[in-house]
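Okay, here's what each chain looks like letter by letter:
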Amino acid sequence: MSSKKYTTVSIPKPLAKKIKKRMDGTGFNSISSYVTYVLRQVISSIEEEEKQKESFSEEDEEKVKERLRALGYLD
Amino acid sequence: MSKPHGGTLVNRILTGKKKDRLLEEAEEMKSLQLNSELRKDAMNISTGVYSPLDGFMVKEDFENVLEHSRLSSDIAWTLPIVIDIPEKEDYNVGEEIILKDENGESFGLMEVEDIYKFDKKDMAEKIYGTDDLDHPGVRKTMGMGDYLLGGEIYQLKENSTPFEKYHLKPMETRILFKEKGWRTIVGFQTRNVPHLGHEYVQKTALTFVDGIFINPIIGKKKKGDYLDEVILDAYDTLMDNYYLKDRAVMSILEAEMRYAGPKEAIFHAIMRKNFGCTHFIVGRDHAGVGDYYGPYAAQEIFDKFPDLDITPVFFKSFTYCEKCGGAVDGFICPHDDKHRENFSGTKMRKMFKEGKIPPAHMMRPEVAKRVVDKEQKFVE
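Visitor: Quick question: what am I supposed to make of the overall build of chain A here?
Guide: Counting its regular elements, chain A contains 3 helices and 0 strands. Secondary structure elements of chain A occur, N-terminal to C-terminal, as α-α-α. Classification of the 75 residues of chain A by burial places 17% in the buried group. For chain A, the exposed surface amounts to about 6400 Å²; the carbon and sulfur share of it is 52%.

Below, the structure written as structure tokens:
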């Protein structure tokens, strides 16, 4: 039904060799799947750092707290 | 507390003049009536339970989810959230349509972005790992309309629920957890009356975090499942008698059980992350049905999602050991099987059906009494 959406990325051969060596016994069956796994971890941690602290407006927060108190979740 | 999945908590609840105008115009606009399960999906999108989804999936996201268990933005997502329609001709890309609930009441607005045909058998195989019509998810998929409708939605009216007291949106649980001073929160998914095995799992996890978020799924269930109000009353009783008020919170999740096993376990974890949980308990055969999935497949799948950003807490099966005098698993109890008794949900259901109370080493007496006193206990 759908074509797989992949693209090719070039990496230096010595690095590919190192990755292949590191892959032994990990369960990954290709350099591509190992690199995808590592990149997702790296990007996820960068994005996490970049995200600003979650905030709600004071008015919204007060309304929510009122409801939580009315329902017995907060004293 | 965990960040919402995808980084931002979605809020598609319209307020003010635009909402009033749309509700006035609703009767003149083209509309689509949704069944109760799709209406719940729409509500979960608009309140952020399904963040980062801001609407029903367009073809690109749908296909990515089936092929790669990811949205087109590469964010982990394992189950399609879609609206099916029987005929393509009824709607047009680019138009706004009113969403109506099962009673014909207008509650939402959809901006139609995509109308596309899909292969039901392919979808069933990729989501449920089988095309066996005995599987409830497969049967439902094969009965869907031939086309899917994708596009962003807005909520115009709140969802009414008989369980208002237990109905919290992700924004509310996040503020609640913050007010309680909880930094680490473990989510517990349930669709059962709690026995001592459940309590053992919950309290073991609670030892390592600040609070537990007990989040029963309310919605369409199988024949023989406990009724929603029975589950809620049973948990209320358990929490009143055996939990510290400052360490445990219960609120409902209105969603359909899909019985998609491993893929649904990831979906369940994502929803709890959006409520603010940092951890999520995954037991044996989580969201499974029959013997379609391996007993620990729902735990193993987490290895494939290193960027999920919620920590799964895995439990093996657990039993009561008369020598230990409590709930145990194979890692902590040295005794033979002859000293052990399974926490059999089937056995406890049978006892309740016969008006009997399970023994105190299986279920707290207060909980058992609350259940046995109910005139109707199960979905018929």
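Visitor: Could you clarify how one ought to interpret helix H9 (residues 261–275) of chain B in this entry?
Guide: Three or four residues apart is the spacing at which side chains of an α-helix point the same way, because the helix has 3.6 residues per turn. All names here are of chain B. In this model, H9 (15 residues) spans 21 Å end to end at C-alpha, consistent with the 21 Å of a helix rising 1.5 Å per residue. The element H9 is largely enclosed, with a buried count of 15 among its 15 residues. Where H9 ends, the next residue or the one after it, glycine 276, has phi of about 115°, a positive value.

Visitor: I would appreciate a short explanation of unusual backbone geometry in the present structure.
Guide: Among all residues except glycine, the phi angle is most often negative; among peptide bonds, the trans geometry is most common. Residues and elements named next belong to chain B. The step from serine 51 to proline 52 runs through a cis peptide bond, and the omega angle for that step is 15°. Residue placement: proline 52 occurs in the loop between helix H2 (36–46) and strand E2 (55–56). With phi around 65°, aspartate 309 is a residue other than glycine that occupies positive phi space. Judged by relative accessible area, aspartate 309 falls into the partly exposed class, the value being 35%.

Visitor: Would you mind going over the nonpolar core with me for this structure?
Guide: Most often, soluble globular proteins keep nonpolar side chains buried together rather than apart. By size, the foremost hydrophobic cluster in this structure holds 120 residues, and its most contacted members are B:Tyr50, B:Met57, B:Trp77 and B:Leu149. Leave out the neighbours within four places in its chain, and B:Tyr50 touches B:Asp41, B:Asn44, B:Ile45, B:Trp77, B:Ile81, B:Ala255, B:Arg258, B:Phe267, B:Met271 and B:Asn274.

Visitor: What exactly am I supposed to notice about the environment of B:Ala260 here?
Guide: Residue placement: B:Ala260 occurs in the loop between strand E11 (253–254) and H9. The residues contacting B:Ala260, other than those within four sequence positions of it, are B:Leu79, B:Ile127, B:Tyr128, B:Ala287 and B:Tyr293.

Visitor: Just to check I follow, could you spell out a nonpolar patch on the surface for this structure?
Guide: A surface patch of nonpolar side chains, about 250 Å² in accessible area, is lined by A:Val9, A:Ile11 and A:Leu15. Relative to the elements of secondary structure, A:Val9 occurs in the segment before helix H1 (13–23).

Visitor: What should I look at first to understand the packing of aromatic side chains in this one?
Guide: Geometrically, a pair of aromatic rings is defined through the distance of the ring centres and the angle of the planes. Residues and elements named next belong to chain B. As enumerated under the stated definition, the model contains 15 aromatic pairs over all chains in all. With a centroid separation of 6.0 Å and 90° between ring planes, the pair formed by phenylalanine 62 and phenylalanine 118 is classed as edge-to-face. Of this pair, phenylalanine 62 sits in helix H3 (residues 59–68) while phenylalanine 118 sits in the loop between strand E6 (114–117) and helix H4 (120–128), and the two are 56 residues apart along the sequence. By the burial criterion, phenylalanine 62 is buried, and phenylalanine 118 matches it. Consider the rings of tyrosine 226 and phenylalanine 352, whose centres lie 6.5 Å apart with planes at 75°: the pair is edge-to-face. Of this pair, tyrosine 226 sits in the loop between strand E9 (211–218) and helix H8 (228–242) while phenylalanine 352 sits in helix H11 (residues 345–353); the two residues are 126 residues apart in sequence, bridging distant segments of the chain. The exposure class assigned to phenylalanine 352 is buried, which follows from its relative accessible area of 1%. These aromatic residues form a ring-pair network of at least three members: Phe177, Trp182, Phe213 and Phe275. Its guanidinium or amino end placed over the ring of tyrosine 296, lysine 316 lies 4.2 Å from that ring's centre, counting from NZ or CZ. In this structure, arginine 364 packs its charged tip against the face of tyrosine 242, placed 3.8 Å from the ring centre.

Visitor: Even after reading the chapter, I still don't get the interface of chain A and chain B, so can you show me in this structure?
Guide: Interface extent is often summarised as the accessible area lost during association of the parts. Tallying the contact residues gives 26 residues for chain A and 36 residues for chain B. Applying the counting criterion to the chain A and chain B interface returns 6 salt bridges. The salt bridge involving A:Asp75 is made with B:Lys245; its shortest N-O contact spans 3.6 Å. Remark: the boundary between chain A and chain B carries 8 residue pairs in polar contact (both at pLDDT 80 or more). Ranked by the residues each element gives to the side of chain A that touches chain B, the list is headed by helix H3 (residues 58–71) of chain A, at 7 residues.

Visitor: How should I be thinking about the side chain of B:Arg39 in this particular structure?
Guide: All names here are of chain B. You can see arginine 39 is positioned in helix H2. With relative accessibility at 9%, the residue arginine 39 sits in the buried group. Apart from residues no more than four positions distant in its own chain, arginine 39 is found in contact with Leu34, Asp101, Glu102, Phe107 and Asn159.

Visitor: Is there a simple way to explain the pairing of E9(B) in this structure?
Guide: Residues and elements named next belong to chain B. Where burial is concerned, most of E9 is hidden: 8 out of the 8 residues are buried. Alternating positions in E9 separate into two faces, Gly211, Phe213, Asn215 and Ile217 on one and Ile212, Ile214, Pro216 and Ile218 on the other, with burial throughout. Strand direction decides the pairing type here: strand E8 (residues 185–190) and E9, joined by 6 bridges, are parallel. Note on E9: the bridge partner recorded for glutamine 189 is asparagine 215. A crossover links E8 with its parallel partner E9, the connecting element being helix H7 (residues 196–206), and its sense is right-handed.

What counts, and at which threshold
Residues numbered from 1 in each chain as written. Chains lettered and ligands numbered in written order. Predicted model: local features only at pLDDT ≥ 70, side-chain atom pairs only at ≥ 80, totals over all residues. Heavy atoms only, no water. Helix = DSSP H or I, 4+ residues; strand = E, 2+ residues; numbered from the N terminus. Buried < 20%, exposed > 50% of the residue type's maximum accessible area, 1.4 Å probe, protein only. Areas by Shrake-Rupley, 256 points an atom, 1.4 Å probe, with all protein chains shown as cover. Expected span 1.5 Å × (residues − 1). Core = buried A, V, L, I, M, F, W, Y, C linked by side-chain atoms within 4.5 Å. Contact = heavy atoms within 4.5 Å. Patch = residues over 30% accessible without salt bridge, like charges linked within 9 Å, V, L, I, M, F, W, Y side chains within 5 Å. Salt bridge = Lys/Arg side-chain N within 4 Å of Asp/Glu carboxyl O. Phe/Tyr/Trp six-rings, centres within 6.5 Å; stacked < 30°, edge-to-face > 60°. Lys NZ or Arg CZ within 6 Å of the ring centre and 35° of its normal. Polar contact = N/O pair within 3.5 Å; in protein donor to acceptor, adjacent residues only side chain to side chain. Pairing = 2+ DSSP bridges. Right-handed = clockwise from strand over helix to strand, strands pointing away.

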